Amino acid sequence: MVFNALEMFLGGIVVGGVDRDKVEWKGDDGGVLMVASCYGFYASFRTPYGPPNKFDCSLEKIWKMEVPYKIRTFGWRLCVNRLPLKDLLKVRVKYIWKEIALWVDKPYVSEEECLSCFWDWYSFCKGKNLREKKRGVIWLATTWTIWLIRNGVRFRNDEWNVNDMVWSIKFLVWKWNCIGDITYPNSNFYEFSKDPLLFIS
């Protein structure tokens, strides 16, 4: 019965043998071919249906962060569930999130979803008057560090501890602070680690 229905459905389709199959990407509304428009098109299939909500623009904000391109791609893939990171916010790494929250004097909020966690950090940094392109840097540095350690543990049997990871995250945030409009350090690492929100510009 299913075969008959399929045969009826395909009955009116005529297959032409003249041209080769091809995929054509027409770019954005202005006809310009950009990587961002391709990502936006891809992300549109994963945006929940219904009225607009704050999660709909998450990918756009991540894509505009002043961090290395591969980190933007990582954050983007993370938020559309294209990475095997089910344990990213689970119990064993919550100590890391708590330490980073303590570092910037932020109330710790337990989040089980990456998008919720991103918006919690983004809103906090917005309240501290950080520039828009810097508001997700701490979140990206933390998730990227956890991702690297997770791969090391899984594939090389590496050992890890919370203290080393926290200092790695602090260093990444300091290093990425020099990406964008500021191309040189505005503080040394010691000064930055004491009060990061003062120097993130």
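First, a word on what this report is: a plain description of the structure on this page. (Residues numbered from 1 in each chain as written. Predicted model: local features only at pLDDT ≥ 70, side-chain atom pairs only at ≥ 80, totals over all residues. Heavy atoms only, no water.)

1. Regarding the pattern of salt bridges
When the charged atoms of two side chains lie near each other, side chains of opposite charge can form a pair.
Inference 1: The final tally for this structure, using the stated rule, is 6 salt bridges.
Inference 2: Among the ionic pairs, Lys-61 bridges to Glu-132, the shortest N-O distance being 2.9 Å. A residue pair is termed long-range when its members are at least 10 positions apart, and Lys-61 in helix α3 (residues 58-63) and Glu-132 in the loop between α6 (114-127) and α7 (137-156) qualify at 71 residues.
Inference 3: The class for Lys-61 is buried, based on a relative accessible area of 17%.
Inference 4: Exposure remark for Glu-132: the relative accessible area of 42% places this residue in the partly exposed category.
Inference 5: A single salt-bridge network, built from bridges that share partners, covers Glu-66, Arg-131 and Lys-134. (Salt bridge = Lys/Arg side-chain N within 4 Å of Asp/Glu carboxyl O. Helix = DSSP H or I, 4+ residues; strand = E, 2+ residues; numbered from the N terminus. Buried < 20%, exposed > 50% of the residue type's maximum accessible area, 1.4 Å probe, protein only.)

2. Points about unusual backbone geometry
Note: most peptide bonds trans; most residues except glycine with negative phi.
Inference 1: With phi around 65°, Asn-129 is a residue other than glycine that occupies positive phi space.
Inference 2: The residue Asn-129 is located in the loop between α6 and α7 in this model.
Inference 3: The exposure class assigned to Asn-129 is exposed, which follows from its relative accessible area of 69%.
Inference 4: Backbone geometry at Asn-157 places phi at a positive 55°, although glycine is not the residue there.
Inference 5: Along the chain, Asn-157 turns up in the loop between α7 and α8 (162-176).

3. Details of the environment of Ile-62
Inference 1: Mapped onto the elements of the fold, Ile-62 is located in helix α3.
Inference 2: Judged by its relative accessible area of 0%, Ile-62 falls in the buried class.
Inference 3: Residues Ile-62 and Val-137, spaced 75 residues apart in sequence, show a C-alpha to C-alpha distance of 9.0 Å.
Inference 4: If we skip the residues at most four places from it in the chain, Ile-62 touches Arg-72, Gly-75, Trp-76, Cys-79, Phe-118 and Trp-139. (Contact = heavy atoms within 4.5 Å.)

4. What to know about the packing of aromatic side chains
Inference 1: Applying the stated criterion to the full structure yields 13 aromatic pairs.
Inference 2: Judged by centre distance (5.2 Å) and plane angle (75°), the rings of Phe-74 and Trp-144 are edge-to-face. Placement of the pair is Phe-74 in helix α4 (residues 69-79) and Trp-144 in helix α7, with a sequence separation of 70 residues.
Inference 3: A relative accessible area of 14% places Trp-144 in the buried class.
Inference 4: With a centroid separation of 5.1 Å and an interplanar angle of 65°, the aromatic rings of Trp-119 and Tyr-122 are classed as edge-to-face. One end of the pair is Trp-119 and the other is Tyr-122, both in helix α6 and 3 residues apart, which spans about a single turn. Accessibility assignment for this pair places Trp-119 and Tyr-122 in one class, buried.
Inference 5: One aromatic cluster is present, built from ring pairs that chain together Phe-118, Trp-119, Tyr-122 and Trp-139.
Inference 6: In this structure, Lys-106 packs its charged tip against the face of Phe-124, placed 6.0 Å from the ring centre. (Phe/Tyr/Trp six-rings, centres within 6.5 Å; stacked < 30°, edge-to-face > 60°. Lys NZ or Arg CZ within 6 Å of the ring centre and 35° of its normal.)

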